[in-house]
Amino acid sequence: MFHIYCPHCCEYREEEEFHVAGQAHIARPLDPDACTDKEWGEFMYFRANPRGIHHELWVHGAGCRKYFNVTRDTQTYEIKEVYKVGEKPSVVADDVK
Amino acid sequence: MQHYSGFGLLKHSFSHHENWQRVWRNPTPKKKYDVIIVGGGGHGLATAYYLAKEFGITNVAVIEKGFLGGGNTARNTTIVRSNYLWDEAAHLYEHAMKLWEGLSQDLNYNVMFSQRGCLNLGHTLQDMRDIQRRVNANRLNGIDGEVLDTQQVKEIVPVLDCSDRARYPVLGASWQPRAGVARHDAVAWGFARGADAHGVDLIQQTEVEDLIIEDGTVVGVRTARYGEIRADRVGCVVAGNSSVLAKMAGFELPLESHPLQALVSEPIKPILDTVVMSNQVHGYASQSDKGDLVIGAGIDSYNGYGQRGSYSTIEHTIQAIVEMFPVFSRVRMNRQWGGIVDTCPDACPIISETPVKNLFFNCGWGTGGFKATPGSGHVFAASLAKGEMHPLAKPFSMFRFHNGALVDEHGAAGVAH
């Protein structure tokens, strides 16, 4: 069971109030019509899915209903940091530094 | 290979069962193989077995980082069925079902395949419409199936709450009589024993640390324990860790790894002689030969490689089971565990060539891979042997996520994934 800090409500709440919404920082192509099938398919479906540090989008569904980002270790499940949408993570995996 | 039989059992009883042969060798790997299978779970071992037996390629190594069948093969809820909606998926799972039906004889190893039937309950009018559509599609594909009403369901499972007082009343179900359960560990052990007997090297406790790729072609793997092992073709069958191996090869897969939990109760007397699944209240249960109720439901929604999930998911699963079977409310749970499942956006597997030449992946089975074990191994072995995908595997290319030809079983299959 995670205790997750909601940066909008500014308090720790239980995992059940939240829902994960997938990998964070995926930029939608600016001109979808100009994408090849491959580019569009990768935007839609292909994900990093690392074993280790992962940046993901969560929504405080049973609270303020706002989205925010979480950096989490997918092996140990430790939450490294929580930051708002539009901000950059300060904890990143070694191979992307 | 020592042949197993009733007579053999009797013979060995005279020597207090102390002279049984080892079931498989524990070899040191050669420098070079025709095919390397990464991952010694059910699907990987089945692939090796069929490569050697059906396709005559015996210079094969299975490289496993832990022990054989210690991942999701050891952690699933053992359900086998083939009542999938779409033709592509139905053909693949029915191919597996046909192999299941002769598997114990083929392997000379009792996998305890018990065709006790599977009910997929419907609780709403839309559920029943979907069930009618799916059963109709199944029958057109030569897969057995019937639509049952509430009374017929009650006759099959008297302990199921079929009253109209239930919060989600049972309106009916789909019924696949040929579905059932199998002894999951025996499946891995039977395939391992069969593969070993055909000369396949099973290399345990050896983690693949990197794939050796030269000019866009895979030529082998690098392991910590034995260094480089070369091969003409490499097949990766590593379930939850597929994305990690794909990253070594320099590409991404359309997969996300999630924890999937299951649990068993204390052993109780026989009470449930079939498999009951419900999409709507979202849980499924069967009873093992030992007497434990084997219970499962959905994945934890976050990505995870930790082979454990959140308590709240277990709580929801149990709520669903008690909703369906009020009689189980005081049964105590014995054990709970998690495995890592690699889920695909369309809830169908990836059996595919990759951007790297001679490198093949069999992954993305998500929450429902066990039922496909022999079929998956068979079509993957055929693909590895010929260097081109088996006709049943073709629709499951990873490139379907580029061209849009998804096989959308999400919600269409018997239970939510």
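About the thresholds
- Residues numbered from 1 in each chain as written.
- Chains lettered and ligands numbered in written order.
- Predicted model: local features only at pLDDT ≥ 70, side-chain atom pairs only at ≥ 80, totals over all residues.
- Heavy atoms only, no water.
- Helix = DSSP H or I, 4+ residues; strand = E, 2+ residues; numbered from the N terminus.
- Buried < 20%, exposed > 50% of the residue type's maximum accessible area, 1.4 Å probe, protein only.
- Contact = heavy atoms within 4.5 Å.
- Lys, Arg positive; Asp, Glu negative; His and termini not counted.
- Charge placed at Lys NZ, Arg CZ, Asp CG, Glu CD.
- Buried area = accessible area lost by both parts, 1.4 Å probe.
- Salt bridge = Lys/Arg side-chain N within 4 Å of Asp/Glu carboxyl O.
- Pairing = 2+ DSSP bridges.
- Axes fitted to C-alpha atoms, helices over the stretch in contact; angles between N-to-C directions.
- pLDDT = per-residue confidence, 0-100.
- UniProt positions renumbered as here; feature names shortened; annotations may be inferred.
- Domains from an automatic or database assignment.
- Polar contact = N/O pair within 3.5 Å; in protein donor to acceptor, adjacent residues only side chain to side chain.
- Nonpolar A, V, L, I, M, F, W, Y, C, P; charged D, E, K, R; others polar.
- Parallel < 35°, antiparallel > 145°, perpendicular 65-115°, else oblique.
- Left-handed = near helix turned anticlockwise from the far one by under 90°.
- Core = buried A, V, L, I, M, F, W, Y, C linked by side-chain atoms within 4.5 Å.

What to know about the overall build of chain A
Within chain A one finds one helix and six strands. Going from the N terminus to the C terminus, chain A shows its helices and strands as β-β-β-α-β-β-β. Here chain A holds 97 residues, and the buried ones make up 39% of them. Counting contacts in chain A only where the partners sit at least 6 residues apart, residues at least 24 apart contribute 45% of the total. Separation of charge centres in chain A, based on 12 positive and 17 negative side chains, amounts to 2 Å.

Observations regarding the interface of chain B and chain A
Accessible area lost on assembly of the parts is the figure often given for the size of an interface. On the side of chain A, 27 residues touch chain B, which itself brings 30 residues to the contact. Between chain B and chain A, the buried area comes to about 2400 Å², and carbon and sulfur atoms account for 50% of it. The largest per-residue losses of area from chain B upon contact with chain A belong to Tyr302(B), Tyr305(B) and His402(B), which jointly make up 27% of the total buried on that side. Where chain B touches chain A, the interface holds one salt bridge. One salt bridge connects Glu207(B) with Arg51(A), and the closest N-O pair in it is separated by 4.0 Å.

Quick look at the sheet that holds strand 14 (residues 283–287) of chain B
Residue and element names in this part refer to chain B. Strand order in the open sheet formed by eight strands is 5-6-4-13-14-15-12-16, with mixed pairing between adjacent strands. Because the sheet does not close on itself, it has two edges, and the strands there are strand 5 (146–149) and strand 16 (333–343). Put simply, the sheet's adjacent strands are angled 20° from each other on average, direction ignored. Direction of pairing for strand 13 (residues 275–278) relative to strand 14: antiparallel, over a ladder of three bridges. Counted as the bridge partner of serine 278 is glycine 283 from strand 14. Along the sheet, helix 9 (residues 311–324) contacts strand 4 (118–122), strand 12 (256–265), strand 13, strand 14, strand 15 (293–299) and strand 16; its crossing angle with strand 15, the most-contacted strand, is approximately 125°.

Things to note about the confidence of the model for chain A
The predicted model of chain A has a mean per-residue pLDDT of 95, with 98% of residues at 70 or higher. When mean pLDDT is taken per element in chain A, strand 5 (residues 67–73) of chain A scores highest with 98 and strand 3 (residues 19–23) of chain A scores lowest with 95.

Quick look at the pattern of salt bridges
Residue and element names in this part refer to chain B. By the definition in use, this model includes 23 salt bridges over all chains. A salt bridge links lysine 53 to aspartate 106, with the nearest nitrogen and oxygen atoms 3.1 Å apart. You can see lysine 53 sitting in helix 2 (residues 42–53) and its partner aspartate 106 sitting in helix 4 (residues 103–107), a full 53 residues away along the chain. What makes aspartate 106 partly exposed here is its relative accessible area of 32%. Each member of the salt-bridge network shares a partner with another, and the members are Asp210, Glu214, Arg222, Glu228 and Arg230.

Looking at the UniProt feature "domain: Rhodanese" (unreviewed entry) in chain B
Here, the residues flagged by UniProt with the feature "domain: Rhodanese" (unreviewed entry) are residues 35–79 of chain B. Regarding residues 35–79 of chain B, the helix share stands at 27% and the strand share at 20%, and the terminal C-alpha atoms are separated by 30 Å.

Topic: the domain arrangement of chain B
Residue and element names in this part refer to chain B. Taken as a whole, chain B is organised into domain 1 (26–78 + 184–255 + 346–413) and domain 2 (115–180 + 256–342). Spacing between the C-alpha centres of domain 1 and domain 2 amounts to 29 Å. Counting residues at the interface gives 21 residues for domain 1 and 20 residues for domain 2. Summed over the three residues of domain 1 that lose the most area to domain 2, namely Arg75, Thr77 and Leu255, the buried surface amounts to 40% of that side. In this assembly, domain 1 and domain 2 are joined by zero salt bridges. The tally of links between domain 1 and domain 2 comes to seven residue pairs in polar contact (both at pLDDT 80 or more). With three residues, helix 8 (residues 242–249) is the largest single contributor of residues to the side of domain 1 that touches domain 2. Classifying every residue of the side of domain 1 that touches domain 2 gives eight nonpolar, twelve polar and one charged.

Thoughts on the sheet that holds strand 6 (residues 79–83) of chain A
The pairing of strands in a sheet happens through backbone hydrogen bonds and is either parallel or antiparallel. All names here are of chain A. The strand order 3-4-5-6 describes an open sheet built from four strands, whose pairing is antiparallel. Looking at the sheet topology across the chains shown, the edges are occupied by strand 3 and strand 6. Neighbour-to-neighbour, the strand axes of the sheet open up by a mean angle of 30°, direction not taken into account. Across four bridges, the pairing between strand 5 and strand 6 is antiparallel. Within strand 6, the residue paired with arginine 72 across the bridge is isoleucine 79.

Re the packing of helix 2 of chain B against helix 10 (residues 373–386) of chain B
Residues and elements named next belong to chain B. Orientation of helix 2 relative to helix 10, taken along the N-to-C sense of each, is 50°, at an axis distance of 7 Å. Here helix 2 is positioned oblique relative to helix 10, judged by the angle of their axes. Along this stretch, helix 2 crosses helix 10, giving a crossing that reads as right-handed. Of the residues in helix 10, those in contact with Gly42, His43, Ala46, Thr47, Tyr50 and Leu51 of helix 2 are Thr373, Pro374, Ser376, Gly377, His378, Phe380, Ala381, Leu384 and Ala385.

Some details on the nonpolar core
Nonpolar side chains tend to gather and get buried jointly when the protein is soluble and globular. Formed by 50 residues in total, the largest nonpolar core has its most connected members in Trp100(B), Phe191(B) and Ile351(B). Here this core takes seven residues from helix 2 of chain B, the largest share from any one element.

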